[in-house]
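Reading the structure
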Amino acid sequence: MNFVAIIGIVDQVTKLPKSKDAIVNIKVEKTSTNSSSNDWYDLVSVSINRETFAEEMKQITSGQIVGVKGRINFVKNKLCLIGERMQVF
C-alpha cells in the first residue's frame, strides 16, 4: 500500500510555470527536538494539482495549517510526494 498522511504548517507555495501543478512546502513537527534549538520541524514538499484543488489553493497561505493525504511516486527519477486530498484548517 502506498499511503502518506501529514498535518503541518504551510511554509511556501510555488506555482510551477507551464504546469497545472504547484509545490506546497509544509513544516511537519519532528518527533524529538532539542529544546534549545529552533529546528523543530522537517520541510516536506508536496506536489498538488492546481485544477483539482482550486478552492484549497485560494485558501492556503504561509502559516496556514493543512492536512494532506497522498502517495509516494517517482517523477523523473526523483522520489516525490503527490497530494490526493487536502484539508485546510
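Data block above holds the structure.
Now for a look at the structure at hand. Computed from a predicted model, the values in this text were never measured in an experiment.

**Some points on the overall build of the protein chain**
Per the secondary structure count, the protein chain includes 1 helix and 5 strands. Going residue by residue from the N terminus, the α and β elements of the protein chain occur as β-β-β-α-β-β. A globule of 89 residues ought to have a C-alpha radius of gyration of about 12 Å, and the protein chain, at 13 Å, matches this closely. Along the longest, intermediate and shortest principal axes, the C-alpha atoms of the protein chain span 40 × 30 × 25 Å. Of the contacts made within the protein chain by residues no fewer than 6 positions apart, 48% connect residues no fewer than 24 positions apart. As presented, the protein chain carries roughly 6,300 Å² of accessible surface, and 50% of it is formed by carbon and sulfur atoms. Separation of charge centres in the protein chain, based on 12 positive and 9 negative side chains, amounts to 7 Å.

**Focus on the sheet that holds strand 5 (residues 78-88)**
Pairing is mixed around the closed barrel formed by 5 strands, whose spatial order is 1-2-3-5-4. Pairs of neighbouring strands in the sheet enclose a mean axial angle of 55°, with direction left out of account. Across 10 bridges, strand 4 (residues 65-75) lies against strand 5 in antiparallel orientation. Its bridge partner being in strand 5, Gly67 is matched across the sheet by Gln87.

**A word on the pairing of strand 2 (residues 21-29)**
Strand direction decides the pairing type here: strand 1 (residues 4-15) and strand 2, joined by 6 bridges, are antiparallel. Opposite Val10, over in strand 2, you have Ile26 as the bridge partner. Remark: 5 residues form the turn of the hairpin made by strand 1 and strand 2, two consecutive strands paired antiparallel; Lys18 in that turn has positive phi of roughly 60°. Relative to strand 3 (residues 41-49), strand 2 runs antiparallel, the two sharing 9 bridges. If you follow Asn25 over to strand 3, its bridge partner there is Ser45.

**Some words on the layout of surface pockets**
Roughly 220 Å³ of internal volume is contained in the largest pocket. With 5 residues, the single largest contributor to the lining of the largest pocket is strand 5. Grouping the constituent residues of the lining of the largest pocket by class yields 7 nonpolar, 2 polar and 1 charged.

What counts and what doesn't
Residues numbered from 1 in each chain as written. Predicted model: local features only at pLDDT ≥ 70, side-chain atom pairs only at ≥ 80, totals over all residues. Heavy atoms only, no water. Helix = DSSP H or I, 4+ residues; strand = E, 2+ residues; numbered from the N terminus. Rg over C-alpha atoms; globule rule 2.2 N^0.38 Å. Contact = heavy atoms within 4.5 Å. Areas by Shrake-Rupley, 256 points an atom, 1.4 Å probe, with all protein chains shown as cover. Lys, Arg positive; Asp, Glu negative; His and termini not counted. Charge placed at Lys NZ, Arg CZ, Asp CG, Glu CD. Pairing = 2+ DSSP bridges. Axes fitted to C-alpha atoms, helices over the stretch in contact; angles between N-to-C directions. 1 Å grid on protein atoms, 1.4 Å probe; cavity = no way out; pocket = protein on both sides within 12 Å on 5 of 7 lines; lining within 4 Å. Points joined across faces, edges and corners; volume = space filled by probe spheres on them. Nonpolar A, V, L, I, M, F, W, Y, C, P; charged D, E, K, R; others polar.

Interpretation in functional terms is not warranted from these geometric data alone.
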